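# Per-entry structural report
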Amino acid sequence: MSTIDTGLSLIRNASQRVSRANGRVGNAFKSWMPTGLYARALLIMIVPMVVLQTVVAFVFMERHWNTVTRRLSAAVVQDIAALIDVYKTYPQDKDRAQVRRIAQRLQLVVDFLPSGDMPPPGPKPFFSLLDQTLSVQLGRQIGRPFWIDTVGRSNLVEIRVQLDDAIMRIFALRSAAYASNSEIFIFWMLGTSTILLIVAVLFLRNQIKPILRLADAAESFGKGREAPNFRPRGAREVRRAAQAFLEMKARIERTIEQRTAMLAGVSHDLRTILTRFKLELALLGDGPEIDAMRKDIDEMSMMLEDYLAFARGDSGEIAQPTDMTMALEELRTDAERHGHTATVAFRGLPVVTVKPASFKRCLGNLVSNAARHANTISITGHRDHRYLTITVDDDGPGIPVDMREEVFKPFLRLDDARNQDEGGTGLGLAIARDIARSHGGDIMLGDSPMGGLRATVRVPV
């Protein structure tokens, strides 16, 4: 392998490691990010504001506050150094009146204490720019032992300097050595930012509400329910999306109405012909051939009803609160009436908003499918804050795993797998899943603890 190939291989490996590291960092960052639009919009506003405030505060503290405080402290220390020079230059001033008079003009209060040891260092604040700056300036300009107290008196700063024969004690105004308007600046900066943030949050909430209403309306429509009070609101883009949703909803409803009207016409025409067949057979009298033809006509009528029910779906029915315990009890009664053993159990709040007739048909198809192939049926229901879940278990032969999705296809019959009797159209499970999906849910097939098939219906509440 040449040197160029080796270099390219190293670069390729390094880029792959960097890409994997970026992917891990990106996934970790996504896990910490909020998922809601409202929270993300707040972050979009808050993060730049916090960064801006931090930068402004740092620049102010570093360039203004620190600089002004250093200059003020240096000026105070220069005045103190000048007083020390006056004290040394005029030793004849025994009562130090000249020094006190000059100090008074400099807005300082000077006193002299007997020579001795300095007081022990006092408590230092966690962060005191004044304490640090004064200490640096005293050491630089005076170069004598000193003691300062910036905590004990709120408006004054006490400084003691060791002289040859005495201790000079100076009281200076804190405002003369310290930029005291910094806290006011920070207070106004944080206060105005908080007010602006509150106003932005209120406006943002009003902008988010139309999006939430649009999502609720779309979810209700997906569950087969109406949203009567919904209308386009909010920003232009949100109103445009809401108007597009209403137009889509109207087109879907118009298509369903046209299909329903067409099926009603077809149903009327075909039922008329079948009724005429029945009348003609009734006039022919009795006989083996006539009985067989009557049986065929009855089977055709039943097949026609199944076809029309599959094509029509649950259109036209309005969702309303329905007691699931009563619906399941009716299914159990029907199963027992046909000679099967059935049990029912329900947990949770039983009242659920569904289309009662179509949803009962969905469950009835599952129960009749189980009753066709098993002797014992168990129906259980559970409702929580998100879903209504109903399971139908049987002790029949079951359905192979690889065919559990195929059985939902229209007109598919598994005679060998379920030992299905003659008759039927193969539309029962297809109709059941179509109804479940029109409610925003679905049907899953699995293994039953009773040894047969388990059909699970789950729809959002």
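In this report, we go over the structure that sits alongside the text. None of the values given here were measured: they were computed from a predicted structure. (Residues numbered from 1 in each chain as written. Predicted model: local features only at pLDDT ≥ 70, side-chain atom pairs only at ≥ 80, totals over all residues. Heavy atoms only, no water.)

## A look at the packing of helix α9 (residues 324-337) against helix α10 (residues 356-373)
So the rule is basically this: Fitted lines through C-alpha atoms give the axes, limited to the stretch in contact for helices. The angle between two N-to-C directions lies from 0 to 180 degrees. Where helices and strands are cited, they refer to DSSP runs of H or I of at least four residues and of E of at least two residues respectively, numbered from the N terminus. In a left-handed crossing the near helix is turned counterclockwise from the far helix by less than a right angle, and in a right-handed crossing that turn is clockwise. Residue contacts follow a heavy-atom distance rule, with two residues in contact if any of their heavy atoms lie within 4.5 Å. Throughout this entry, Asp, Glu, Lys and Arg are counted as charged residues, while Ala, Val, Leu, Ile, Met, Phe, Trp, Tyr, Cys and Pro are counted as nonpolar. The remaining residues, Gly among them, count as polar.
Running from N to C, α9 and α10 cross one another at 35°; their axes reach a closest spacing of 11 Å. Like other packed secondary-structure pairs, α9 and α10 cross with a definite hand, here right-handed. Contact residues: α9 offers Met-324, Leu-328, Glu-330, Leu-331 and Ala-335, while α10 offers Phe-359, Lys-360, Leu-363, Gly-364 and Val-367. Among the residues making up the contact of α9 with α10, the classes are represented as 7 nonpolar, 1 polar and 2 charged.

## Focus on the sheet that holds strand β6 (residues 341-347)
Through backbone hydrogen bonds, the strands of a sheet pair up, either in parallel or in antiparallel fashion. Definition in use: A pair of strands is considered paired only if DSSP assigns at least 2 bridges between the two.
Strand order across the open sheet formed by 5 strands is β6-β8-β9-β11-β10, with mixed pairing between neighbours. Strands at the two margins of the open sheet, each flanked by one partner only, are β6 and β10 (442-447). On average, each strand axis in the sheet is tilted by 15° relative to the strand beside it, whichever way the strands run. The sheet strands contacting α10 are β8 (376-383), β9 (387-394), β10 and β11 (453-460), and the helix crosses β9 at an angle near 20°. The sheet strands contacting helix α12 (residues 428-438) are β10 and β11, and the helix crosses β10 at an angle near 130°.

## Topic: the sheet that holds strand β3 (residues 156-162)
Ordered in space as β1-β4-β3-β2, the 4 strands form an open sheet in which the pairing is antiparallel. In the strand order of this sheet, the two ends are held by β1 (108-114) and β2 (146-149), each with one partner. Each strand axis lies, on average, 20° off the axis of its neighbour in the sheet, ignoring direction. Looking at chain direction, β3 and strand β4 (residues 166-173) are connected through 7 bridges and run antiparallel. Considered in β4, the bridge of Glu-158 is made with Phe-171. Sheet strands touched by helix α4 (residues 129-141): β2 and β3. Its angle to β2, the strand with the most contacts, is close to 160°.

## Describing the pattern of salt bridges
Applicable threshold: Within this document, salt bridges are pairs made up of a side-chain nitrogen of Lys or Arg and a carboxyl oxygen of Asp or Glu, the two lying within 4 Å of each other. Each residue gets one of three labels from its accessible area relative to the maximum for its type: buried under 20%, exposed over 50%, partly exposed in between, using a 1.4 Å probe on protein chains only.
Enumeration according to the criterion identifies 16 salt bridges in this entry. The partner of Glu-158 in a salt bridge is Arg-160, with the nearest N and O atoms 2.8 Å apart. Arg-160 gets classed as buried once you look at its relative accessible area, which sits at 17%. A salt bridge links Arg-437 to Asp-442; the nearest nitrogen and oxygen atoms lie 3.3 Å apart. Through salt bridges with shared partners, one network takes in Glu-405, Arg-433, Arg-437 and Asp-442.

## Focus: the packing of α10 against α12
Running from N to C, α10 and α12 cross one another at 145°; their axes reach a closest spacing of 9 Å. Crossing of α10 against α12: the hand is left-handed. In this structure, α10 contributes Ser-358, Phe-359, Arg-361, Cys-362, Asn-365, Leu-366 and Asn-369 to the contact, and α12 contributes Gly-428, Leu-429, Ile-431, Ala-432, Ile-435 and Ala-436. Along the lines of polarity and charge, the residues of the contact of α10 with α12 split into 8 nonpolar, 4 polar and 1 charged.

## As for the packing of aromatic side chains
Spelled out, the test is: Paired rings are identified among Phe, Tyr and Trp, the last through its six-membered ring, by centres lying within 6.5 Å, and are further divided according to the angle between planes into stacked (under 30 degrees), edge-to-face (over 60) and tilted (the rest). Definition used: whenever NZ (Lys) or CZ (Arg) falls within 6 Å of the ring centre and also within 35 degrees of the ring normal, the charge is taken to sit over that ring.
A full pass over the atoms with the stated rule returns 3 aromatic pairs. Here the aromatic rings of Phe-221 and Phe-245 are separated by 6.2 Å at their centres, their planes lie at 85°, and the arrangement is edge-to-face. A residue pair is termed long-range when its members are at least 10 positions apart, and Phe-221 in helix α6 (residues 182-222) and Phe-245 in helix α7 (residues 236-284) qualify at 24 residues. Relative accessible area serves as the criterion here: at 22%, Phe-221 is assigned to the partly exposed category. Here Phe-230 and Phe-245 contribute two aromatic rings whose centre-to-centre distance is 5.9 Å and whose plane-to-plane angle is 80°, an arrangement assigned as edge-to-face. With Phe-230 in the loop between α6 and α7 and Phe-245 in helix α7, this pair connects stretches of sequence that are 15 residues apart. This pair shows no difference in class: Phe-230 is buried, exactly as Phe-245 is. Connected via pairs of aromatic rings, a cluster forms that spans Phe-221, Phe-230 and Phe-245. Across from the ring centre of Phe-408, 3.7 Å away, lies the NZ or CZ of Arg-433, which sits over that ring.

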